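One-letter residues, chain by chain:
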Amino acid sequence: MTTQTYTQIELLSANGTVSRRVSTAPPRLPTDDEIPVIDLAPIDGTLDERKALASRVKAASEYTGFFYIRNHGIPEELIQNSLSQAKTFFNQPLSQKIKINFSASKVSAGYHGVGSTQVNPRKLVRIFALALGEREDYFDGVTSHPGADALYIHYPGVPDVAAGSNIDVGIGSHTDIQCFTLLWQDNSGGLQVLSAQDEWLDARPIGGTLVVNIGDFLQRLSNNKFKSTVHRVYNRQPDSRYSMPFFFGFNPEAVCKVVPSCVDDEHPPLYEPISCGEGAIGTFSGS
């Protein structure tokens, strides 16, 4: 019987640097329970249908914090048009791309060097409210002008990469800081999610789906019931990898506390009230 071995990784959080145990075994495919595929069609159904959908979202959010969604309502034509625009931009010379460099932007937008949808994210927020045991309009007051960021990400290919090579192009181990993330990824693969057993899972692309994952702020509001799970992205192939993540947060100035349904005598609130903007600043500063 093979003995499982582990290493430690360090992550930046709002409370400073934290360590996580990680298996040294190669990534494996997830089970259907670990990263399930959830049909989002009932999001426009009856209240009972939305509650049933919320139950499935709750199970996924409490287990791994990652799931796929089908019937998300974003036309494939729109996705492919967006991808085409991304490829056109990234294929330009660096001298052209740096003309809109992020560091010179006054609106928190622009190009970083290497290193409107049909589904309304507010509807998904309402499903999360039901999943937490609250009224579905519980978060309506803090999503009137939510913090939201959409990105095009290009992971350049690695020419002549050899099998077993340690050369990586990607994003190292991290959690997302907002409430949740919607992710479209191409067919390259490379997204890996840390399981509840501290093993890396290959979250491979599934046609017609988006990936949803819980962020730090929603874990905080759920009193740690929902999981903001560590994940990473690598491109270990000659061809480019493209992805389009959408990060959704609440109104930046709105102060939110742990959701009442997640608190009782045996489970007091683990966090003080904080605004979504403060949570993001704390994570980036490491304070």
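Everything below is about the structure shown above.
Attention in this report is confined to the structure presented alongside it. (Residues numbered from 1 in each chain as written. Predicted model: local features only at pLDDT ≥ 70, side-chain atom pairs only at ≥ 80, totals over all residues. Heavy atoms only, no water.)

## Focus on the overall build of the protein chain
Here is step 1 of the chain: The number of helices and strands found in the protein chain is 6 helices and 15 strands.
Here is step 2 of the chain: Considering the protein chain as a whole, with its 287 residues, one finds that 43% of them fall into the buried category.
Here is step 3 of the chain: Surface accessibility of the protein chain: about 15200 Å² in total, with carbon and sulfur atoms responsible for 52%. (Helix = DSSP H or I, 4+ residues; strand = E, 2+ residues; numbered from the N terminus. Buried < 20%, exposed > 50% of the residue type's maximum accessible area, 1.4 Å probe, protein only. Areas by Shrake-Rupley, 256 points an atom, 1.4 Å probe, with all protein chains shown as cover.)

## What about the side chain of serine 222?
Here is step 1 of the chain: By the element assignment, serine 222 lies in the loop between helix 5 (216–221) and strand 12 (231–235).
Here is step 2 of the chain: A relative accessible area of 0% places serine 222 in the buried class.
Here is step 3 of the chain: In this structure the side chain of serine 222 is engaged in a polar contact, spanning 2.9 Å, whose partner is the backbone nitrogen of phenylalanine 226.
Here is step 4 of the chain: The residues contacting serine 222, other than those within four sequence positions of it, are Leu132 and Cys262. (Polar contact = N/O pair within 3.5 Å; in protein donor to acceptor, adjacent residues only side chain to side chain. Contact = heavy atoms within 4.5 Å.)

## Looking at the packing of helix 1 (residues 47–63) against helix 4 (residues 121–131)
Here is step 1 of the chain: Relative orientation of the contacting elements helix 1 and helix 4 amounts to 75°, with a least axis distance of 8 Å. Between helix 1 and helix 4, the angle is such that the two are roughly perpendicular. Only Ile127, Phe128, Leu130 and Ala131 of helix 4 make contact with helix 1, whose side of the interface consists of Arg50, Lys51, Leu53, Ala54, Val57, Lys58 and Ser61.
Here is step 2 of the chain: Counted by class, the contact of helix 1 with helix 4 contains 7 nonpolar, 1 polar and 3 charged residues. (Axes fitted to C-alpha atoms, helices over the stretch in contact; angles between N-to-C directions. Parallel < 35°, antiparallel > 145°, perpendicular 65-115°, else oblique. Nonpolar A, V, L, I, M, F, W, Y, C, P; charged D, E, K, R; others polar.)

## As for helix 4
Here is step 1 of the chain: Taken across its 11 residues, helix 4 has 8 buried, putting it largely inside the fold.
Here is step 2 of the chain: All buried positions along helix 4 are accounted for by Pro121, Leu124, Val125, Ile127, Phe128, Ala129, Leu130 and Ala131.
Here is step 3 of the chain: Buried residues along helix 4 sit against helix 1, strand 4 (66–70), strand 8 (180–185), strand 11 (210–214), helix 5 and strand 13 (241–248).
Here is step 4 of the chain: Count one or two residues on from helix 4 and you reach glycine 133, which has phi positive near 90°.

## Regarding helix 1
Here is step 1 of the chain: Helix length check: helix 1 (17 residues) gives 24 Å between terminal C-alpha atoms against 24 Å at 1.5 Å per residue, within 8%.
Here is step 2 of the chain: Here the buried face of helix 1 lies against strand 3 (37–39), strand 4, helix 4 and strand 11.
Here is step 3 of the chain: Two residues or fewer after helix 1 comes glycine 65, characterised by a positive phi angle close to 85°. (Expected span 1.5 Å × (residues − 1).)

## Description of the side chain of serine 228
Here is step 1 of the chain: Assignment of secondary structure puts serine 228 in the loop between helix 5 and strand 12.
Here is step 2 of the chain: At 2.6 Å, the side chain of serine 228 and the side chain of aspartate 216 are in polar contact.
Here is step 3 of the chain: With sequence-adjacent residues up to four places away left out, serine 228 is seen in contact with Thr175, Asp176, Ile214, Gly215, Asp216 and Gln219.

## Some details on the packing of aromatic side chains
A ring pair, where both rings are aromatic, is described by two values, the distance of the centres and the angle of the planes.
Here is step 1 of the chain: Tallying each qualifying case throughout the model produces 7 aromatic pairs.
Here is step 2 of the chain: On the numbers, 5.3 Å between centres and 45° between planes, the contact of phenylalanine 128 with phenylalanine 180 is tilted. Taken together, the residues span a long stretch of sequence, with phenylalanine 128 in helix 4 and phenylalanine 180 in strand 8 at a distance of 52 residues.
Here is step 3 of the chain: With a centroid separation of 6.4 Å and an interplanar angle of 40°, the aromatic rings of phenylalanine 246 and phenylalanine 248 are classed as tilted.
Here is step 4 of the chain: Owing to a relative accessible area of 22%, phenylalanine 246 belongs among the partly exposed residues under this scheme.
Here is step 5 of the chain: One aromatic cluster is present, built from ring pairs that chain together Phe128, Phe180, Phe226, Phe246 and Phe248. (Phe/Tyr/Trp six-rings, centres within 6.5 Å; stacked < 30°, edge-to-face > 60°.)

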